[in-house]
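Structural characterization, general
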Amino acid sequence: MALLNDQLTKRDLAHIWHPCSQMSEYRSGKLPLLAIERGEGVWLYDYDGARYLDAISSWWVNLFGHSQPYIAEAIARQARSLEHCIFAGYTHEGATRLAERIVKIAPKGLNRVFFADNGSAAVEVSLKMAFHYFANRGENRPLVISLAGGYHGETLGALAAGGAELYKRIYAPILIQTLQAKSPALCEEKEAIADMRRLLEENRGKVCAAIVEPLVQCAGDMAMYDPSYLRALRNLCDEFDVLLIADEIATGFGRTGTMFAFDQTDVSPDLTTLSKGLTGGFLPLSLVLTSDRIYEAFCLDDYGEKTFLHSHSYTGNAIACAAANATLDIFESRDVIGENKIKARLIADRLSIVAKNKRVANARQKGMIAAFDLIGVKYNRDLTVRVTREAIKRGVMFRPLGKTIYVMPPYAIAHSEIDFLFDAIEEIIAAL
Ligand SMILES: Cc1ncc(COP(=O)(O)O)c(C=O)c1O
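Looking at the sheet that holds strand β2 (residues 43-46)
Pairing within the open sheet is mixed, and its four strands lie in the order β1-β2-β3-β15. Looking at which strands have only one partner, the edges of the open sheet turn out to be β1 (36-40) and β15 (396-397). Looking at chain direction, β1 and β2 are connected through four bridges and run antiparallel. Bridge assignment links Arg38 to a residue of β2, and that residue is Tyr45.

Looking at helix α4 (residues 69-81)
Side chains that are three or four residues apart share a direction in an α-helix, a result of its 3.6 residues per turn. Given a rise of 1.5 Å per residue, 13 residues ought to cover 18 Å, and the 19 Å separating the end C-alpha atoms of α4 matches this to within 8%. Of all the residues in α4, the buried ones are Ile71, Ala74 and Gln78. With its buried residues spanning 60° around the axis, α4 presents them on a single face. Set apart from the buried face of α4 by more than 90 degrees, the exposed residues are Pro69, Glu73, Ala76, Arg77 and Arg80. Of the surrounding elements, those touching the buried residues of α4 are α5 (93-105) and α12 (318-333).

Description of the domain arrangement of the chain
Many descriptions give the size of an interface as the accessible area lost when the pieces come together. You can read the domains of the chain as domain 1 (4-67 + 335-431) and domain 2 (70-333). The straight-line distance from the C-alpha centre of domain 1 to that of domain 2 is 27 Å. If you look at the interface, domain 1 gives 24 residues, while domain 2 gives 23 residues. Those elements that place two or more of their residues in the side of domain 1 that touches domain 2 are α3 (57-60), α13 (336-354), β13 (360-366), β14 (369-374) and β16 (404-407). With five residues, the single largest contributor to the side of domain 1 that touches domain 2 is α13. By residue class, the composition of the side of domain 1 that touches domain 2 is 13 nonpolar, eight polar and three charged.

A look at the site of the ligand
Contacts to the ligand come from 14 residues, most closely from Gly119, Ser120, Gly153, Ile249 and Ala250. Here the shell around the ligand takes three residues from helix α6 (residues 119-136), the largest share from any one element. Class assignment for the residues of the shell around the ligand results in six nonpolar, six polar and two charged.

Rules used in this analysis
- Residues numbered from 1 in each chain as written.
- Predicted model: local features only at pLDDT ≥ 70, side-chain atom pairs only at ≥ 80, totals over all residues.
- Pairing = 2+ DSSP bridges.
- Helix = DSSP H or I, 4+ residues; strand = E, 2+ residues; numbered from the N terminus.
- Expected span 1.5 Å × (residues − 1).
- Buried ≥ 20, exposed ≤ 12 C-beta atoms within 10 Å, placed from the backbone.
- Arc of directions from axis to C-beta.
- Contact = placed C-beta atoms within 7 Å.
- Domains from an automatic or database assignment.
- Nonpolar A, V, L, I, M, F, W, Y, C, P; charged D, E, K, R; others polar.
- Near = placed C-beta within 6 Å.

Rendered as structure tokens:
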């Protein structure tokens with residue numbers, strides 16, 4: 001009899017089209033499609049009992065481990081009292097409390113909270129708000145500036161705002177027009193600032209917003225840069241009267257060593273997008289935070305074009321809010337950021353050993369994100385497949401980005417599990 005995993009993946013492949021996947025790789029068996037029955041801590045278990053360390057927090061969403069009991073219980077409790085209700089014209093305690101708590105910990109001045117239900121949707125909201133804010137002032141500013149190599153999601157607006165050509169080139173004819181400035185992660189900071197200034201000058205009065213992933217361009221090969229760039233960008237946005245959008249969907253909730261990446265500066269963005277870790281990795285939910293100034297530009301005696309008429313059916317979902325409140329409870333009950341500092345140091349120690357390998361370059365780290373590039377090996381799709389297979393063999397779940405291998409583990413990772421992970425990384429490099 002076929003193993004349970006094989007049976008399930010066969011049934012899956014008969015109907016399911018997976019995200020960000022070349023399905024022919026699963027169909028031909030080039031890449032395994034793993035069937036996961038349950039999760040606990042940093043581990044995901046397949047139906048035949050094998051386990052895999054989730055080194056990427058299941059696309060960067062998981063914070064405190066899979067099936068974390070406190071969050072699971074909060075969700076179950078909420079589902080028994082109110083699962084969901086329309087959020088236009090109605091509210092509930094969970095959403096209200098979540099908004100109050102987020103505003104308290106967010107960068108200063110971000111007092112207003114708009115709810116959406118996934119990261120890309122939050123980015124769409126932030127772009128529409130930026131454009132609409134100026135429209136309400138009587139200005140037509142259709143352009144958005146983002147950074148080369150940036151990533152903001154896959155819906156058309158978010159895709160257009162991104163700078164990762166692989167994801168967007170084919171859709172170019174149906175995307176809104178955006179401009180990409182040089183990234184401080186990919187050139188000297190001075191050069192990146194000068195390039196941003198040039199674009200702002202050349203398009204004066206036409207740009208509504210600059211959108212960046214603060215400190216780490218995650219999908220863009222985990223390219224990292226310093227907080228000083230954000231400070232300079234804030235000044236430029238003020239000088240040109242352009243809104244600054246911080247996309248903290250991946251960097252938020254402690255990933256880069258502070259609650260929000262922007263906390264490593266002494267300035268605030270005009271809008272911030274949050275998702276992923278917001279619910280501890282349990283449920284889709286996203287938020288767009290903004291200032292009173294922007295909110296007031298929409299808060300008029302007019303149910304018409306000046307109103308922000310954006311909505312999603314599941315906006316403010318009560319169960320997702322319960323998961324987010326439970327996640328914030330954990331942040332409040334323990335010094336998560338402090339605990340992560342110790343874990344990040346252990347990761348840094350092991351990364352420094354990996355960095356000495358002659359097949360490794362550009363080892364880099366911000367908090368609970370560590371990455372390096374493979375060199376001296378021919379880069380093509382087969383390399384990604386080989387790395388993925390070698391990792392699975394050793395009980396580790398990776399998703400390499402081109403020639404970049406990265407770890408972004410759940411904060412629940414134990415010291416011994418960090419060692420397990422880096423032992424596997426060293427073996428994988430040796431096996432290539
Ligand atoms: C910085 C950033 N913005 C936006 C998104 C899109 O979020 P979602 O996948 O929930 O649509 C992602 C997803 O990886 C991201 O990393």
